[in-house]
Amino acid sequence: MIRFIYKRLLGAIPSIFGLSIITFLLIQLIPGNPVLTYLRVSNIQASEETVQAIRAEMGLDQPLVMQYVQWLTNVLQFDFGTSLISKRSVLDEMMLHFIPTLQLTAVAFLLIIVCSIPLGVISALHRGKWFDRMTQFFAFSSVSLPTFWLGFLLIYFFSLQLDLLPVLGKGSAAHFVLPATTLALGYIGTYLRLIRASTIEVLEEPFVLYAQARGLKERTIVWRHILKKAASPTLTGLGMSFGNMLGGTIIVENIFAWPGMGQLIVESIVNQDYPMIQACVLLLGIVFFLTNLIVDILCGWLDPRIRLAGDRIK
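Residues numbered from 1 in each chain as written. Predicted model: local features only at pLDDT ≥ 70, side-chain atom pairs only at ≥ 80, totals over all residues. Heavy atoms only, no water.

Enquirer: How should the layout of surface pockets be read in this particular structure?
Expert: To find leftover empty space, a probe the size of one water molecule is rolled over the atoms. One number sums up the size of the largest pocket: a volume of about 910 Å³. What lines the largest pocket is a set of 30 residues, and nearest its centre among them are Met-58, Gly-59, Leu-60, Pro-275 and Gln-278. Elements supplying a minimum of two residues to the lining of the largest pocket: helix H1 (2–29), helix H2 (34–41), helix H3 (48–58), helix H4 (64–76) and helix H12 (274–302). Among the elements that make up the lining of the largest pocket, the one with the highest residue count is H4 (five residues). Residue composition of the lining of the largest pocket, by class: 14 nonpolar, 12 polar and four charged. (1 Å grid on protein atoms, 1.4 Å probe; cavity = no way out; pocket = protein on both sides within 12 Å on 5 of 7 lines; lining within 4 Å. Points joined across faces, edges and corners; volume = space filled by probe spheres on them. Helix = DSSP H or I, 4+ residues; strand = E, 2+ residues; numbered from the N terminus. Nonpolar A, V, L, I, M, F, W, Y, C, P; charged D, E, K, R; others polar.)

Dropping the structure here:
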C-alpha cells in the first residue's frame, strides 16, 4: 500500500507542474493590461515613462520564460504577489475567501453522501417497486434543474414565503442550508443512480448468493460486503465532483451573496486583478488534483485489484 501511495504522489508532480504552465499562459491571453489596471486603481496618470517603470517593477519587461520561472519560484515560497485592487497580499485575501467556500463545499459534499448512498442502495434492493420509481423520478428531476433557477426557487419558498431560513450571507448554521442544498441537489440525483446501478451489478455476483447460503443477515451482506465493492466507481466520481464543486460554487455564491472564492473570482475578473485570478485558478486546480489523489488512494485501499493492476502496468 505504501508503494502504491508513493507512486501516486510521484505521478501527481508532473500534472501539477503542467497545471502551473497552463495557468500562467492562460492569464497572458486575457485581454487588458495589468500595468494600466494598476495605474487606474492607483489614480496615477499613465505617461510613457510611468508605464515603462511599472512594467519593469512587475517584471513584465522580461522574456515570458523568465517571467514564468520567477512566478513559479515565488509560488513555491507561497508568495502569490499583491492584489492590484486591494493592495493586500493575494495569499491572505484568497485564504479569507477560500475557507467559506471549503466549508460550503464540505457541507454540500456531506449532504450528497448522506442522501445518495442510502437512497441508491435501498432503491437497488427494491428494484421496480414504488420506492425505486420515486427515487428515479427524484433523480431525473434534480439533475434537470438548472442551479441558478433552483437557488432562486428555494429563496422564494423557504425565505420569502415561509420565512424559515435566511436569504443571503454567511453567519449561523441556517445560512448553509439553502446554498448547500442548491449546490448538492444535482449531484445527489447523479450519484443516487450511479450507486443504484453499481449495487444491482454487485447483487448479481456469486459471492452474494454464497453469503446468503451461509445465513448472514441481509444488513451485514449489504452494508459490509456489497456496498464496499460498489463504492469504488462512486468514490472516483465523488473525488472529481468535489473539485468541480469548489469551482462550481461561483453561481451559488453569487446567488446567496456567500463570501467565498466565487465572489472573489468574479470581482477579480471584472476589475482585471491578474495576480488574484492567477492564484485562484492555480489553487482550485491543485485542490482538484489533491482530492483525486486522495480518492485514488482510497480506491486502492478498498479494492486490492486496483493496486495490483497499477503494479502490472509499467
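Enquirer: Please clarify how the confidence of the model for the protein should be interpreted in this entry.
Expert: Fine structural detail should not be taken from predicted coordinates in areas where pLDDT scores are low. Of the residues in the protein, 94% reach a pLDDT of 70 or more, and the chain-wide mean stands at 80. No element of the protein has a lower mean pLDDT than helix H13 (residues 304–312), which averages 60, and none a higher one than helix H5 (residues 90–125), which averages 88. (pLDDT = per-residue confidence, 0-100.)

Enquirer: Help me out: how do you make sense of the pattern of salt bridges in this one?
Expert: Think of it this way: side chains of opposite charge can pair up when their charged atoms draw near. A complete count under the given rule lists one salt bridge for this structure. A salt bridge links Arg-196 to Asp-132; its shortest N-O distance comes to 2.8 Å. Remark: Asp-132 occurs in helix H6 (residues 130–144) and Arg-196 occurs in helix H8 (residues 174–203); sequence separation between them is 64 residues. Given a relative accessible area of 4%, Asp-132 falls into the buried group. (Salt bridge = Lys/Arg side-chain N within 4 Å of Asp/Glu carboxyl O. Buried < 20%, exposed > 50% of the residue type's maximum accessible area, 1.4 Å probe, protein only.)

Enquirer: How should the side chain of Ser-123 be read in this particular structure?
Expert: Mapped onto the elements of the fold, Ser-123 is located in helix H5. Contacts of Ser-123, omitting those with residues within four sequence positions, involve Phe-131, Asp-132, Thr-135, Gln-136 and Arg-196. (Contact = heavy atoms within 4.5 Å.)

Enquirer: Is there a simple way to think about unusual backbone geometry in this case?
Expert: Residues apart from glycine generally show negative phi values, whereas peptide bonds are mostly found in trans. With a phi angle near 55 degrees, Asp-163 is a residue other than glycine that sits in the positive phi range. Assignment of secondary structure puts Asp-163 in the loop between helix H7 (147–161) and H8. Residue Asp-163 is classed as exposed on the basis of its relative accessible area of 62%. Residue Ala-257 is not a glycine yet carries a positive backbone phi of 50 degrees. Tracing the backbone shows Ala-257 in the loop between helix H10 (218–255) and helix H11 (261–270).

Enquirer: Got a minute to help me understand empty space enclosed by the protein in this structure?
Expert: Within the structure shown, the criterion is met by one cavity of 30 Å³ or more. Roughly 40 Å³ of internal volume is contained in the largest cavity. Lining the largest cavity, in full, are Pro-166, Val-167, Leu-168, Gly-169, His-175, Leu-178, Pro-179 and Phe-256.

Enquirer: How should I be thinking about a nonpolar patch on the surface in this particular structure?
Expert: Among the surface-exposed residues, Tyr-156, Phe-157, Phe-158, Leu-160, Leu-162, Leu-164, Val-167 and Leu-168 lie close enough to one another that they form a single nonpolar patch of about 750 Å² accessible area. By secondary structure assignment, the location of Leu-162 is in the loop between H7 and H8. (Patch = residues over 30% accessible without salt bridge, like charges linked within 9 Å, V, L, I, M, F, W, Y side chains within 5 Å. Areas by Shrake-Rupley, 256 points an atom, 1.4 Å probe, with all protein chains shown as cover.)

Enquirer: Which parts of the structure should I look at to understand H2?
Expert: An α-helical segment advances 3.6 residues per turn. Residues three or four places apart therefore align on the same side. Along H2, the residues that are buried comprise Pro-34, Val-35, Thr-37 and Leu-39. Looking one or two places after H2, you find Asn-43, whose phi comes out positive at around 55 degrees.

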